[in-house]
Amino acid sequence: MGEKARLIFRKLTIEDAAAAEELDLKCFGELDACGRNYFLHAARDERREFWVAELDGKIIACAGAEMNSDTAEIETLSVDPEYRRRGFGKMILIKLLGAIRKRGATFVILEVRPSNFPAIELYKGFGFQIVECEKDYYFDEDAWIMARDFS
């Protein structure tokens, strides 16, 4: 009989920085990806809440937010293209939102490319709404600002 795949969710560690950088590059390309130093800083920064999904020892998803008082800003959410459309984005977003709510967040905000339809639909499914358009946010595209109020 085959062995069952082992999926775990855990906090990002400094040892994960290289794998998180590689995942971000796969998902977002060089212009939008976060670098290794970003993930090293995120793993050490008490104001940040970062999670990874690990399947059989391989990081397949990462999501993180920065906390500012009762507001959290989701800074990244990536799922390895090989593992998309299997619910991993939804699962890691559940973990991240639960963690930031435990830390007292009552309001969550994020930026997303208007062309990133799967991400927009994911966020809408969690009650996020488009509240603003930020012109020229990305190198080649505007950004939609999405928000959700927990209170």
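Here, every reference points to the structure presented above.
Residues numbered from 1 in each chain as written. Predicted model: local features only at pLDDT ≥ 70, side-chain atom pairs only at ≥ 80, totals over all residues. Heavy atoms only, no water.

1. Considering the sheet that holds strand E5 (residues 107-112)
Line of reasoning, step 1. Spatial ordering of the open sheet is given by E1-E2-E3-E4-E5-E7-E6, a layout of seven strands whose pairing is mixed. Since the sheet does not close on itself, it has two edges, and those belong to strand E1 (7-11) and strand E6 (129-134), each with one partner. Direction aside, neighbouring strands of the sheet carry axes that sit 25° apart on average.
Line of reasoning, step 2. Bridge count for strand E2 (residues 48-55) against strand E3 (residues 58-68) is eight bridges, and the pairing is antiparallel. Within the sheet, the bridge partner assigned to Arg-48 lies in E3 and is Glu-66.
Line of reasoning, step 3. Relative to the sheet, helix H1 (residues 17-32) contacts E3 and strand E4 (71-79), its axis offset from that of E4 by approximately 80°. (Pairing = 2+ DSSP bridges. Helix = DSSP H or I, 4+ residues; strand = E, 2+ residues; numbered from the N terminus. Axes fitted to C-alpha atoms, helices over the stretch in contact; angles between N-to-C directions. Contact = heavy atoms within 4.5 Å.)

2. Observations regarding the side chain of Glu-49
Line of reasoning, step 1. Of note, Glu-49 is situated in strand E2.
Line of reasoning, step 2. Judged by relative accessible area, Glu-49 falls into the buried class, the value being 3%.
Line of reasoning, step 3. A polar atom in the side chain of Glu-49 sits 2.8 Å from the side chain of Arg-103.
Line of reasoning, step 4. Residue contacts for Glu-49: discarding those within four places in its chain leaves Lys-11, Ala-63, Gly-64, Ala-65, Leu-96, Ala-99, Ile-100 and Arg-103. (Buried < 20%, exposed > 50% of the residue type's maximum accessible area, 1.4 Å probe, protein only. Polar contact = N/O pair within 3.5 Å; in protein donor to acceptor, adjacent residues only side chain to side chain.)

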